[in-house]
Amino acid sequence: SALSQIAVSNHQSVDPWKVGILTMDATKLQELHAFVKFLRANPKTLDLPELSFFKDFCLSVAEAEKTKPSAAPKPPVVEEMDVDEDEEPEEEEEEEEPEEPEPVVDLPPLEPDPDVIPEEHEPVQEVGDAALEVTEEMEDAAQVEKGLASEAMAEGKLEEAIKHFTNAVKLNPHSSILYANRATCFLQMKKPRSAIRDCDEGLRLNPDSGKAYKVRGKAYALIGHYDEAARDLRLGEKIDHDDATFAVLKKVEARLHLIHEREQRIKDAKDRADKARAAKAKAQADAKASKGAGHQHSASCNHPPHADASGSHKPAPGAGFPGGMPGMAGMGGMPGMAGFPGMGGMPGMAGLSPDLLQKLMQDPQILTAIQNPKVMAAVQAIMTDPSKIALYRSDPEVGPVLSKLMDTFGAGAGAAPPRPQPAPAASQAPPFKKPSVADDLD
């Protein structure tokens with residue numbers, strides 16, 4: 001074929017099945033495509049005996065694909081990165097540990113209560129009309145129906161008893177005892193939900209009905225609602241005691257004790273696990289904070305603080321000026337009073353006589369100025385930049401203090417000692433000659 005000729009001319013080998021497909025009629029290919037599409041939409045068609053050969057073929061292809069060895073994954077290529085030697089390596093972010101699952105308390109389950117039954121799912125029973133006005137004849141008829149229901153219960157005809165009790169509550173819907181009696185019949189029929197509904201209605205009519213409490217408590221116990229059962233049985237026993245109800249109550253309380261004990265053990269185990277988890281989280285947080293503090297300390301050692309752009313170090317804020325004013329016992333000395341460098345001709349305090357310093361310290365205005373933050377800030381600013389003295393001279397608080405300081409400095413230290421005069425040169429002053437007697441006689 002043409003495809004084979006092309007392959008031979010290119011020194012390549014072509015699989016025969018490829019040649020067959022490529023030389024197949026286009027119409028046949030379209031029909032095959034439509035057939036496969038139909039099978040996708042209706043896969044059960046492959047179960048037809050006529051298509052068994054095609055189904056076997058499809059299964060063999062699928063099996064061959066499963067057993068076909070998979071190519072080994074190529075190892076990931078790691079690109080080399082240029083690392084600047086001066087650049088500090090970034091810290092790897094710590095992976096957050098997965099949250100620990102809730103602790104599972106391995107406690108044996110409670111043995112099932114053999115007396116508990118599943119709840120019934122039946123239509124709600126009929127009740128009487130609460131708004132009905134009951135006559136004496138209706139009350140008498142209700143009592144007759146009640147007697148018939150009691151006879152039927154004694155004979156074990158519970159369905160018939162329910163019919164008579166229903167007639168009774170329709171005739172006299174205001175009688176609590178009728179609902180309690182029908183509830184008793186429902187309880188014997190193993191219909192606890194129906195019994196609970198009748199007891200609810202009976203207690204609505206008479207909240208002190210001991211029988212309604214007892215029957216409802218037994219009904220709750222029958223479906224495993226032990227808390228509700230214990231509550232109602234205790235109330236019923238308090239109103240009207242009987243041995244049978246008391247025996248049921250003791251059984252319910254014993255079951256409750258086992259349940260509550262198991263719940264408490266589970267709660268204690270969870271509390272211990274929560275405390276251990278909280279302690280572990282706190283220890284991790286403390287370790288992380290300690291590690292961060294160590295990095296900050298290392299950075300502070302490598303980069304000294306308070307260095308300006310020129311590289312010179314400035315004193316830390318609040319360190320004051322060098323020196324300090326002596327004589328201020330208990331106040332740590334007045335910072336910045338040594339030298340007053342460059343204060344427009346005002347001499348500094350370094351080298352002042354002790355008498356002048358004592359006088360300065362005894363001046364109440366100076367002592368007051370020491371305690372004024374504004375004055376001290378102004379003095380510090382002037383010492384940093386002497387040109388600011390003109391700015392503070394007009395200040396009502398700072399100006400008088402500056403004047404006082406300048407006057408004090410001028411009086412006590414402003415007069416510099418006179419310089420010694422140099423001796424005249426020999427060419428300028430003739431030597432001294434003692435006058436003789438002849439000189440006096442001219």
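Conventions used here
- Residues numbered from 1 in each chain as written.
- Predicted model: local features only at pLDDT ≥ 70, side-chain atom pairs only at ≥ 80, totals over all residues.
- Heavy atoms only, no water.
- Axes fitted to C-alpha atoms, helices over the stretch in contact; angles between N-to-C directions.
- Helix = DSSP H or I, 4+ residues; strand = E, 2+ residues; numbered from the N terminus.
- Parallel < 35°, antiparallel > 145°, perpendicular 65-115°, else oblique.
- Left-handed = near helix turned anticlockwise from the far one by under 90°.
- Contact = heavy atoms within 4.5 Å.
- Core = buried A, V, L, I, M, F, W, Y, C linked by side-chain atoms within 4.5 Å.
- Buried < 20%, exposed > 50% of the residue type's maximum accessible area, 1.4 Å probe, protein only.
- Nonpolar A, V, L, I, M, F, W, Y, C, P; charged D, E, K, R; others polar.
- Expected span 1.5 Å × (residues − 1).
- pLDDT = per-residue confidence, 0-100.
- Arc of directions from axis to C-beta.
- Phe/Tyr/Trp six-rings, centres within 6.5 Å; stacked < 30°, edge-to-face > 60°.
- Salt bridge = Lys/Arg side-chain N within 4 Å of Asp/Glu carboxyl O.

Colleague: Can you explain the packing of helix 7 (residues 176–188) against helix 8 (residues 192–205)? Please cite residues and give values.
Modeller: The interhelical angle for the contact between helix 7 and helix 8, taken along N-to-C directions, is 165 degrees, at an axis separation of 8 Å. As summarised for this structure, helix 7 and helix 8 are arranged roughly antiparallel, according to the angle between their axes. Our pair here, helix 7 against helix 8, has a crossing hand that is left-handed. In this structure, helix 7 contributes Ser 176, Tyr 179, Arg 182, Ala 183, Phe 186 and Leu 187 to the contact, and helix 8 contributes Ser 194, Ala 195, Asp 198, Cys 199, Glu 201, Gly 202 and Leu 205.

Colleague: Pulling in residues and values, what's your account of the nonpolar core?
Modeller: As a rule of thumb, soluble globular proteins bury nonpolar side chains together. Met 153, Ala 161, Cys 185, Leu 187, Met 189, Ala 195 and Val 252 are the most contacted members of the largest nonpolar core, which totals 31 residues. Those elements that place two or more of their residues in this core are helix 5 (136–154), helix 6 (158–171), helix 7, helix 8, helix 9 (210–222), helix 10 (226–239) and helix 11 (243–302). The dominant element in this core, judged by the number of residues it contributes, is helix 9, at seven residues. Once residues within four sequence positions are removed from consideration, Ala 161 is found in contact with Ala 149, Ala 152, Met 153 and Cys 185. Counting residues in hydrophobic clusters, the runner-up holds 14 residues, among them Val 375, Ala 378, Val 379 and Met 383.

Colleague: Let's hear about the packing of helix 8 against helix 9: which residues, and what values?
Modeller: It is the contact of helix 8 with helix 9, at a shortest axis distance of 9 Å, that shows an interaxial angle of 155 degrees. Looking at the two axes, helix 8 sits roughly antiparallel to helix 9. The two elements helix 8 and helix 9 cross, and the hand of that crossing is left-handed. The residues of helix 9 that touch helix 8, namely those facing Pro 192, Arg 193, Ala 195, Ile 196, Cys 199, Asp 200 and Leu 203, are Ala 212, Tyr 213, Val 215, Arg 216, Ala 219, Tyr 220 and Leu 222. Partitioned by chemical class, the residues of the contact of helix 8 with helix 9 number 11 nonpolar, no polar and three charged.

Colleague: Any details on helix 10? Residues and values, ideally.
Modeller: Spanning 14 residues, helix 10 covers 20 Å between terminal C-alpha atoms, matching the ideal 20 Å at 1.5 Å per step. All of the buried residues along helix 10 are Tyr 226, Ala 229, Ala 230, Asp 232, Leu 233, Gly 236 and Glu 237.

Colleague: Describe the confidence of the model for the protein chain, and please don't skip the residues or the numbers.
Modeller: Looking at the protein chain, pLDDT values average 75 and 64% of them are 70 or higher. Long-range and interchain partners of residues 1–12, a stretch whose pLDDT sits below 50, account for eight contacts in this model, where long-range means more than four residues apart. The low-confidence segment residues 434–442 (pLDDT under 50) makes zero contacts with residues lying over four places distant or belonging to another chain.

Colleague: An account of helix 5 is needed here, citing residue identities and associated values.
Modeller: For helix 5, which comprises 19 residues, the first-to-last C-alpha distance of 27 Å matches the rise-based estimate of 27 Å (1.5 Å per residue) to within 8%. The set of residues buried in helix 5 consists of Met 138, Ala 142, Glu 145, Ala 149, Ala 152 and Met 153. The buried residues of helix 5 all sit within an arc of 95 degrees when viewed along its axis, so they share a single face. Residues of helix 5 that are exposed and point over 90 degrees away from its buried face: Glu 136, Glu 137, Val 144, Glu 151 and Ala 154.

Colleague: I'd like a description of the packing of aromatic side chains, backed by residues and values.
Modeller: Applying the stated criterion across every chain, the model contains two aromatic pairs. Taken together, a centroid distance of 6.5 Å and an interplanar angle of 70 degrees make the contact between Phe 53 and Phe 54 edge-to-face. By relative accessible area, which is 57% here, Phe 53 ends up exposed. Residue Phe 54 is classed as buried on the basis of its relative accessible area, which comes to 18%. Geometrically, the ring pair formed by Phe 54 and Phe 57 is tilted, given 6.3 Å between the ring centres and 35 degrees between the ring planes. Separated by three residues within a single helix, Phe 54 and Phe 57 lie in helix 4 (residues 52–67), roughly one turn from each other. Grouped by ring-pair contacts, the aromatic residues Phe 53, Phe 54 and Phe 57 constitute a single cluster.

Colleague: So what's going on with the side chain of Asn 181? Residues and values would help.
Modeller: With respect to the element layout, Asn 181 can be found in helix 7. In contact with Asn 181, not counting residues within four places along its chain, are Lys 146, Phe 165 and Lys 211.

Colleague: Pulling in residues and values, what's your account of the pattern of salt bridges?
Modeller: One pass over the structure, following the stated rule, counts 20 salt bridges. Note that Glu 201 is salt-bridged to Arg 204, the shortest N-O span being 2.5 Å. Highlighted residues: Glu 201 and Arg 204, both in helix 8, separated by three residues, approximately one helical turn. One salt bridge connects Glu 253 with Lys 250, and the closest N-O pair in it is separated by 3.4 Å. Of this pair, Glu 253 and Lys 250 both sit in helix 11, three residues apart, which is roughly one turn of that helix. It is possible to trace a salt-bridge network through shared partners that takes in Asp 200, Arg 216, Arg 231 and Asp 232.

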